[in-house]
Amino acid sequence: GCAAFMFNCLGGSRGKSAHHRGSPIFTTFQHYDKDKSGAIESAELEKLMKDLGLDVTPPKLRAAMRSLDKDRSGKVEFEEFYAWYKRNKQLQEARNIFDKYDTDKSRTLDGGELKKLLTDLKCGVSITEALTAMDTGRTGKIEFDAFLKWHTKRGRREVHMVFKTYDKDGSGSIDKNELAQLLEDLNEESTAEAVEDVFKKLKGKGSKVSEASFMKWFQNQASAREALDVFVQYDEDDSGSIEVQELENLLKDLRIHRPANEVIAEVDTGDGKLQLDEFSRWYSKHRDLDDARQAFNRYDSDKSGFLSHGEFIYVIIDMGLPTDDPSITEVFQQLDRDNNGRISFDEFAKWNPYA
């Protein structure tokens, strides 16, 4: 109850509230507890739901209250809010971004902090546009709820782009074959049984997957979100595709020494650019090489993007093999396919004993 909540907040040893005091979860709770009552009431929950981009009607608000208010007190106390927050990836993501750029810990973003956020995340939005959208009171400070609302709208636009990409027939819904293609592109399990299982969960009583159902599911898929986030960041002209120069920038940041045209040729269907589905297919495969990448970076001591013969020796040492074995040079030469005296990441990844 409320007494237990106050006890914990004041330093009591029971429950999760004291342990999480000052945490992002507690900070978010306090922000929406506008009247500082120690609980979130119906009107305060309505504000949070709207900031999350949800369509809030009186029946939906009542249903949300019933779902969160486990002890039927008529309010959502911190323990109840905590359990819900941990399941809400969208809210956690916004909170983490906001706190990272709130460098002075003022619980607001000023112009400088917001500018750095927009630059680092390559949002493609000017500081003036962002301030106009979020700083409605013209205070020069961005509160978390305004940021959450803005961030959610951006996220929904991006997921809508994914939906349209895989809705190949333009029907306004995703059928089983279209879903199978998405799962395959993301390197997720795409056997007939796995596709059928996901399809049944998403379509509900309908015959296809609606955009609303798809959006809710997609936002909780870590691999899908990661590919989309990277795509949006490097699609600098907001054209809806990754062009050669944009891909070159990404490859450079990932320290992948391959020509952009070569990567595009692997997955492109013919227009010389990477559409979202093509990019997701390539990026998901690249993500699966992360173990190889980490190992490669560990041995690339001079950060050149290549392994010299001397650096390769340390790979052999860590494998427990004798370093005076003449076959080491032979292995090095076999891996060095272009005979330039060094091993690129792609050459290493094809052999990588850590993969």
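Residues numbered from 1 in each chain as written. Predicted model: local features only at pLDDT ≥ 70, side-chain atom pairs only at ≥ 80, totals over all residues. Heavy atoms only, no water.

## Comments concerning a positive patch on the surface
At step 1: Side chains of Arg-62, Arg-66, Lys-70 and Arg-72 sit close together on the surface and give a patch of like positive charge.
At step 2: Assignment of secondary structure puts Lys-70 in the loop between helix H4 (58-68) and strand S2 (76-77).
At step 3: With relative accessibility at 61%, the residue Lys-70 sits in the exposed group. (Patch = residues over 30% accessible without salt bridge, like charges linked within 9 Å, V, L, I, M, F, W, Y side chains within 5 Å. Areas by Shrake-Rupley, 256 points an atom, 1.4 Å probe, with all protein chains shown as cover. Salt bridge = Lys/Arg side-chain N within 4 Å of Asp/Glu carboxyl O. Lys, Arg positive; Asp, Glu negative; His and termini not counted. Charge placed at Lys NZ, Arg CZ, Asp CG, Glu CD. Helix = DSSP H or I, 4+ residues; strand = E, 2+ residues; numbered from the N terminus. Buried < 20%, exposed > 50% of the residue type's maximum accessible area, 1.4 Å probe, protein only.)

## Some thoughts on the packing of aromatic side chains
At step 1: What the rule picks out here adds up to 19 aromatic pairs.
At step 2: Ring centres of Phe-81 and Trp-84 lie 5.7 Å apart, and the angle between their planes is 50°; on these two criteria the pair is classed as tilted. Taken together, the residues Phe-81 and Trp-84, both in helix H5 (residues 78-85) and three residues apart, mark about one turn of the helix.
At step 3: Phe-81 sits in the buried class, given a relative accessible area of 1%.
At step 4: On the basis of relative accessible area, Trp-84 is assigned to the buried category, the value being 16%.
At step 5: Ring centres of Phe-279 and Trp-282 lie 5.9 Å apart, and the angle between their planes is 50°; this geometry places the pair in the tilted category. (Phe/Tyr/Trp six-rings, centres within 6.5 Å; stacked < 30°, edge-to-face > 60°.)

## Some details on helix H6 (residues 89-101)
At step 1: Taking 1.5 Å as the rise per residue, H6 with 13 residues should run 18 Å; its terminal C-alpha atoms sit 19 Å apart, in good agreement.
At step 2: All of the buried residues in H6 are Gln-90, Leu-91, Gln-92, Ala-94, Arg-95, Ile-97, Phe-98 and Tyr-101.
At step 3: Along its buried surface, H6 packs onto helix H2 (24-32), helix H3 (42-51), H5, helix H7 (111-120) and helix H9 (144-166). (Expected span 1.5 Å × (residues − 1). Contact = heavy atoms within 4.5 Å.)

## Observations concerning the nonpolar core
At step 1: Ranked by size, the top nonpolar core spans 38 residues in total, and within it Leu-179, Phe-214, Trp-217, Leu-247, Phe-279 and Trp-282 carry the most contacts.
At step 2: Of all the secondary structure elements, the ones that give two or more residues to this core are H9, helix H10 (176-185), helix H11 (192-203), helix H12 (211-218), helix H13 (222-234), helix H14 (244-253), helix H15 (260-267) and helix H16 (276-287).
At step 3: Per element, the largest residue contribution to this core is six residues, and it comes from H13.
At step 4: Every residue in contact with Trp-282, bar those within four places of it in the chain, is listed here: Leu-250, Leu-251, Leu-254, Ile-256, Val-263, Glu-266 and Val-267.
At step 5: Core analysis: the second largest hydrophobic core is formed by 37 residues, Tyr-32, Leu-68, Cys-123 and Ile-142 among them. (Core = buried A, V, L, I, M, F, W, Y, C linked by side-chain atoms within 4.5 Å.)

## Considering the packing of H14 against H15
At step 1: Between H14 and H15, the least distance of the axes is 9 Å, while the angle of their chain directions is 105°. Here H15 runs roughly perpendicular to H14, going by the angle between their axes. Residues Val-244, Leu-247, Glu-248 and Leu-251 of H14 lie in contact with H15, whose contacting residues are Ala-260, Asn-261, Val-263 and Ile-264. (Axes fitted to C-alpha atoms, helices over the stretch in contact; angles between N-to-C directions. Parallel < 35°, antiparallel > 145°, perpendicular 65-115°, else oblique.)

## Quick notes on the confidence of the model for the protein chain
At step 1: Taken over all residues, the pLDDT of the protein chain has a mean of 82, while the share at 70 or more is 88%.
At step 2: Put simply, helix H1 (residues 2-9) is where the protein chain has its lowest mean pLDDT, 32, and strand S1 (residues 39-40) is where it has its highest, 93.
At step 3: Note that residues 1-19 has pLDDT below 50 and, in this model, 25 contacts with residues that lie over four places away or in other chains. (pLDDT = per-residue confidence, 0-100.)

## Here's the deal with the side chain of Asp-300
At step 1: In this structure, Asp-300 sits in the loop between helix H17 (290-299) and strand S3 (306-307).
At step 2: Of the residues examined, Asp-300 reaches a relative accessible area of 0% and is grouped as buried.
At step 3: Of the polar contacts made by the side chain of Asp-300, one reaches the backbone nitrogen of Gly-305; its length is 2.8 Å.
At step 4: Contacts of Asp-300, omitting those with residues within four sequence positions, involve Arg-255, Gly-305, Phe-306, Leu-307 and Glu-311. (Polar contact = N/O pair within 3.5 Å; in protein donor to acceptor, adjacent residues only side chain to side chain.)

## Focus: the environment of Asn-96
At step 1: Secondary-structure assignment places Asn-96 in helix H6.
At step 2: Owing to a relative accessible area of 47%, Asn-96 belongs among the partly exposed residues under this scheme.
At step 3: Taking the C-alpha atoms as reference, Asn-96 lies 7.4 Å from Pro-24; in sequence the two are 72 residues apart.

## A word on the packing of H2 against H6
At step 1: For the pair H2 and H6, the least separation of the axes is 10 Å and the interaxial angle reads 100°. Considered as vectors, H2 and H6 are oriented roughly perpendicular to each other. Residues Pro-24, Thr-27 and Thr-28 of H2 touch H6, and the partners they reach there are Leu-91, Arg-95 and Asp-99.
At step 2: Along the lines of polarity and charge, the residues of the contact of H2 with H6 split into two nonpolar, two polar and two charged. (Nonpolar A, V, L, I, M, F, W, Y, C, P; charged D, E, K, R; others polar.)

## What about empty space enclosed by the protein?
At step 1: Within the structure shown, the criterion is met by two cavities of 30 Å³ or more.
At step 2: Empty space within the largest cavity amounts to approximately 50 Å³.
At step 3: Surrounding the largest cavity, 10 residues form its lining, Val-162, Leu-182, Leu-186, Phe-218 and Ser-280 being those nearest its centre.
At step 4: Considering each element in turn, the lining of the largest cavity owes the most residues, three residues, to H13.
At step 5: Class assignment of the residues belonging to the lining of the largest cavity gives a composition of nine nonpolar, one polar and no charged. (1 Å grid on protein atoms, 1.4 Å probe; cavity = no way out; pocket = protein on both sides within 12 Å on 5 of 7 lines; lining within 4 Å. Points joined across faces, edges and corners; volume = space filled by probe spheres on them.)

## Observations regarding unusual backbone geometry
At step 1: In the Ramachandran plot, Lys-36 falls in the positive-phi region, its phi being about 55° despite a non-glycine side chain.
At step 2: Among the secondary structure elements, Lys-36 is positioned in the loop between H2 and S1.
At step 3: Phi at Arg-107 takes a positive value of approximately 70°, unusual for a residue other than glycine.
At step 4: Assignment of secondary structure puts Arg-107 in the loop between H6 and H7.
At step 5: You can call Arg-107 partly exposed: its relative accessible area is 43%.

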